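Structure at a glance
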Amino acid sequence: MLDVGDSNDRDESEVRSSHAHAAVTSGSNSIREVESVARLNIEDEHHIEEESIQVPYRFLSIFLWLILCSVAGVLIRIGLLKLHTYRDAPIVPVIYPQIVGCVLIGWLNANKHAIAKCYYPLFIGLATGLCGSITTFSGWSLSTFTAFANLETQASGHSVLAGIAVIIVVLGMSIMAVMFGEQVAGVISLEKASGNSSQPKLNFVEQTQGRTAECYLTLVLTTAVVIAAVLLSVFVVAHRGIWFATLFGPPGTILRFQLSKLNVRSMRFAYGTFIANILGTALLAGLFLARYNVPLHSTSCHIIIGFSDGFCGCLTTVSTFIIELRSMPTRYAYIYGLTSILFGQIVMVAIAGAYVWSQGVRDLTCTG
């Protein structure tokens, strides 16, 4: 006869055995689930790697497009300045090139993936060459300095307000212009037009061997533009300062492009852009004194104007400056922005301020 206690012990043993088996089964299922998730993650990583594509480019093509777009940017900037320079203008003329260049770079920045994937040198030419040459940090700094310097004998204290106004209005309108360009890109979108919503990672690979038909065509076009600028500078007396500006502008753009490589050293401060902007501002400050206080031959005068509008204008940029401000953390954006503006005025005061306030400025002796 079976003992009831033994039967109960066997039942409890069977229950414990079934629980242990369930736990082991559950544990093995969990392990399989973890392995499955890990396998999916690995597959996702392989999938992401497969989405990255290589985009070949040639540095010569970038170099040529920088020249072409720089010439176009100089002409657009000078045209806008002359169009909006008149007596009793409601706002400083330098604001208009900043707005146009910032709207363009806002649109380009929003469509950079589509443009760079199609033709990387063109994107560099348009963003760095065209927009960077339309906008000018040195011209903005000079306009701010002339307002602070009280060159028009304004009432006491008004010059300070005028200088602050130039800083705030130009900076604020430039930021808004970039935002407007990004909104325009939502309507005129190259990504939507191409029908490709995915944005794989682009790996840019420089090619050093061989030349394409596009490269030769760009070379011929650039050579023709440079020759035309030289001939106009030599043989056309009218507006000669403008033609010199088209010659001096591309070297300034190329130098800025080379200095921009320093920006990758830190995400908190764009050292390359900062150096370019302050260097160009310092050069423009010296040329500013020469235009007002030194009697010069007409050709020398045109060269100074061309170097001021061309090299200094293209070496410095507001469009890239605004893009960098918007891409930085707020704290570092304020540090970078205020440091750039402050140093621009310090350089202006150190080079031009002492002479202007001690000797004054006579009539403009050097006109275009």
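A brief look at the structure comes next. Because the structure is a prediction, the values reported are computed rather than measured. (Residues numbered from 1 in each chain as written. Predicted model: local features only at pLDDT ≥ 70, side-chain atom pairs only at ≥ 80, totals over all residues. Heavy atoms only, no water.)

**Topic: the overall build of the chain**
Short version of the rule: A run of DSSP states H or I qualifies as a helix once it reaches four residues; a run of E qualifies as a strand once it reaches two. Both are numbered from the N-terminal end. A 1.4 Å probe rolled over the protein chains alone gives each residue an accessible area, and that area as a share of the maximum for its type sets the label: buried under 20%, exposed over 50%, partly exposed in between.
A tally of regular secondary structure across the chain gives 14 helices and two strands. With 368 residues in all, the chain has 39% of them scored as buried.

**Quick look at the packing of helix 3 (residues 95-110) against helix 5 (residues 120-134)**
Convention followed: Fitted lines through C-alpha atoms serve as axes, helices being fitted only where they are in contact, and the angles separating the N-to-C directions of these axes extend from 0 to 180 degrees. Put simply, angles under 35 degrees are roughly parallel, angles over 145 are roughly antiparallel, angles from 65 to 115 are roughly perpendicular, and the rest are oblique. Put simply, a crossing is left-handed when the front helix is turned counterclockwise from the back one by less than a right angle, and right-handed when it is turned clockwise. Residue contacts are counted whenever heavy atoms from the two residues lie within 4.5 Å of one another.
With their axes 8 Å apart at the nearest point, helix 3 and helix 5 run at an angle of 160° to one another. Classed by the angle they form, the pair helix 3 and helix 5 counts as roughly antiparallel. Along this stretch, helix 3 crosses helix 5, giving a crossing that reads as left-handed. In contact with Pro 97, Gly 101, Leu 104, Ile 105 and Leu 108 of helix 3, helix 5 contributes Phe 123, Leu 126, Ala 127, Leu 130, Cys 131 and Ile 134.

**Thoughts on the pattern of salt bridges**
Put simply, the test is: Basic side-chain nitrogens of Lys or Arg form a salt bridge, by our definition, when they fall within 4 Å of a carboxyl oxygen of Asp or Glu.
Applying the stated criterion across every chain yields a total of one salt bridge. Across the pair Arg 326 and Glu 182 runs a salt bridge whose closest N-O atoms are separated by 2.7 Å. Placement of the pair is Arg 326 in helix 13 (residues 319-327) and Glu 182 in helix 7 (residues 158-187), with a sequence separation of 144 residues. A relative accessible area of 28% places Glu 182 in the partly exposed class.

**Comments concerning helix 9 (residues 213-235)**
Heads up, the rule is: Here the expected span of a helix is defined as 1.5 Å times the quantity of residues minus one.
Compared with the 33 Å implied by 1.5 Å per residue over 23 residues, the 33 Å span of helix 9 between its first and last C-alpha is a close match. Within helix 9, the full set of buried residues consists of Cys 215, Thr 218, Thr 222, Ala 229 and Ser 233.

**Some remarks on the packing of aromatic side chains**
How we decide: Centres within 6.5 Å make a pair out of two Phe, Tyr or Trp rings, where for Trp the six-membered ring is used; the pair is then stacked when the planes are under 30 degrees apart, edge-to-face when over 60, and tilted otherwise.
The final tally for this structure, using the stated rule, is 13 aromatic pairs. Between Phe 137 and Phe 321, the ring centres sit 5.7 Å apart and the planes meet at 70°, which makes this aromatic pair edge-to-face. Within this pair, whereas Phe 137 is found in helix 6 (residues 137-148), its partner Phe 321 is found in helix 13, the two being separated by 184 residues in sequence. On the basis of relative accessibility, which here comes to 1%, the residue Phe 137 falls in the buried class. Plain terms: the ring middles of Phe 269 and Tyr 271 are 5.0 Å apart, the flat faces sit at 45° to each other, and that makes the pair tilted. Of the residues examined, Phe 269 reaches a relative accessible area of 14% and is grouped as buried. Members of the aromatic cluster, joined through ring pairs, are Phe 137, Trp 140, Phe 269, Tyr 271, Phe 274, Phe 321, Tyr 336 and Phe 343.

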